[in-house]
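Listed here are the chains, written in short residue letters.
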Amino acid sequence: MKIKPTQKQLDFLDWEFGVFFHFGIRAFFPGHVDWDGKPMPASAFNPKQLDCNQWVRVAKKAGAKYCIFTTKHHDGFAMWQSKYSDYSVAQSPWEDGKGDVVAEFVKACRAYNMRVGLYYSPAQWGGSVKFENPVEYDDYFINQISELLSNYGKIDYLWFDGCGSENHEYDKPRIINAIRSLQPEIRIFSMWDPDTRWVGNEDGYADMPNVNTVDKADFSVLADEARSVGGMKYLPAECDMKLRTTWFDCEANEDTIKSVSELVGCYEYSVGRGANLLLNVGPDSRGLIPEADAARLLEFGDELRRRYEHPLPFTDVVREDSGLWTIKSKERQNGWNPAQLGTYEVDTCVVEEDITDGEAIEEFRIYASLPCYGKRYCVYIGQTVGHKAICRFPTIKTGELSVEVTKSDGEVRIKSVKAYCTGETK
């Protein structure tokens, strides 16, 4: 069923790649894990070299278009001057209790023209307000969200973590009304009245086919089943993942930083399957991205640019009378071509669907014309395209590539087809 995405969702898919910053009280208590209940006093929070500009600058250089920061994780520690909590930066020695990490983060994002995303855990085990008291907790929840959405200007994205909320009842209409009233243009991740959905894992991969029109979606790593989203809706998927094996701890497991090769694979299995990639980096107790993590992010960005910044010199896509969408090299010789003029080594084709009126492509094939004889041979069989499909195949020399849609839901419109020779990952 074709359902049109909103302009907010189309813009979100154009962001493609974002960086997640898990930073909070946990950065000062290595070894703590979610929901362990171990005390983490606010007096330990003191990032003496905090530099959100460094975080966002590295993300920008790596090619990210949006950033998300953990304003309050499951431990309940608020990273801003919340009037509704006695467990926050206000109770810490950092900046004499007058600092505001959320303000620093938002300011850095604006300085680098980065979309601003705020993470907030609806559920918590720590803090002064008891999660087990639903009425009291709803008030606390709305009061804190209202602070975040009132005091920092326009927020592009509100990221709700479903972990811990599996059996809890919230006053959802009241919560959503407060959010939409304060920030009408905001995008909400996952939980209620969502604009985007969680892909269902924390490894950075979208499955194939990746169908973005859904009637239910996963929302928590602790939930056994997906949850209804209230009918069929267009909800683009986002694939979150960790650079290391942990979200916060980043001072004892540098050996787990993912390789450039694995990161590129995650990009091609997420963005390359019509979803977004959200890569987490945990600033350390200094308040900085560790040197090794920053270096790997920049290497990752360099590799993506090496692969995809410069497509081969083929024409814009044209729909032929046969129904194929075709691109040709500008020097392509038609017919018999023993000198193989106008041919290039190609190992990747990137296809983009015009999804303004909804996603249509359900199955497709890519053909390459042989360098000498010109006959078309199938090099790739795929399923959904959506915003973008990165289609990799063994290297073939060709001067012409064609896309055939073999199954669709309604009219198909292909926006772009580009050819690349990416070679081996460094």
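Scroll up a little and you will see the structure.
Residues numbered from 1 in each chain as written. Predicted model: local features only at pLDDT ≥ 70, side-chain atom pairs only at ≥ 80, totals over all residues. Heavy atoms only, no water.

Caption draft 1: Inspection of the sheet that holds strand β16 (residues 389-398) at higher detail. Strand order in the open sheet formed by three strands is β16-β13-β18, with antiparallel pairing between adjacent strands. Because the sheet does not close on itself, it has two edges, and the strands there are β16 and β18 (414-420). Neighbouring strand axes in the sheet, compared pairwise and without regard to direction, differ in orientation by 25° on average. Bridge count between strand β13 (residues 344-353) and β16: seven bridges; the pairing is antiparallel. When the sheet's bridge partners are listed, Glu345 is paired in β16 with Lys397. Taken strand by strand, helix α7 (residues 291-308) contacts β13, β16 and β18, and its axis lies near 55° from that of β16. (Pairing = 2+ DSSP bridges. Helix = DSSP H or I, 4+ residues; strand = E, 2+ residues; numbered from the N terminus. Axes fitted to C-alpha atoms, helices over the stretch in contact; angles between N-to-C directions. Contact = heavy atoms within 4.5 Å.)

Caption draft 2: Broad picture of helix α1 (residues 7-15). Among all positions of α1, only Gln9, Leu10, Phe12, Leu13 and Trp15 are buried. Following α1 by one or two positions, Glu16 adopts a phi angle in the positive range, close to 65°. (Buried < 20%, exposed > 50% of the residue type's maximum accessible area, 1.4 Å probe, protein only.)

Caption draft 3: Examining the nonpolar core more closely. Formed by 83 residues in total, the largest nonpolar core has its most connected members in Phe45, Trp55, Val101, Phe105, Phe160 and Ile179. Per-element accounting of this core gives the leading share, seven residues, to helix α4 (residues 134-150). Setting aside its immediate chain neighbours within four residues, Val101 contacts Phe45, Leu50, Cys52, Trp55, Phe69, Met79, Val89 and Trp94. The next biggest cluster of nonpolar side chains, apart from the first, holds 24 residues, and it includes Trp325, Leu401, Val403 and Val412. (Core = buried A, V, L, I, M, F, W, Y, C linked by side-chain atoms within 4.5 Å.)

Caption draft 4: The arrangement of unusual backbone geometry in detail. Cis peptide bonds are those with omega within 30 degrees of zero, and the linkage from Met208 to Pro209 qualifies with 5°. Turning to its location among the elements, Pro209 is positioned in the loop between β6 (197-198) and β7 (213-217). Look at Glu95: it is not a glycine, yet its phi comes out positive at around 55°.

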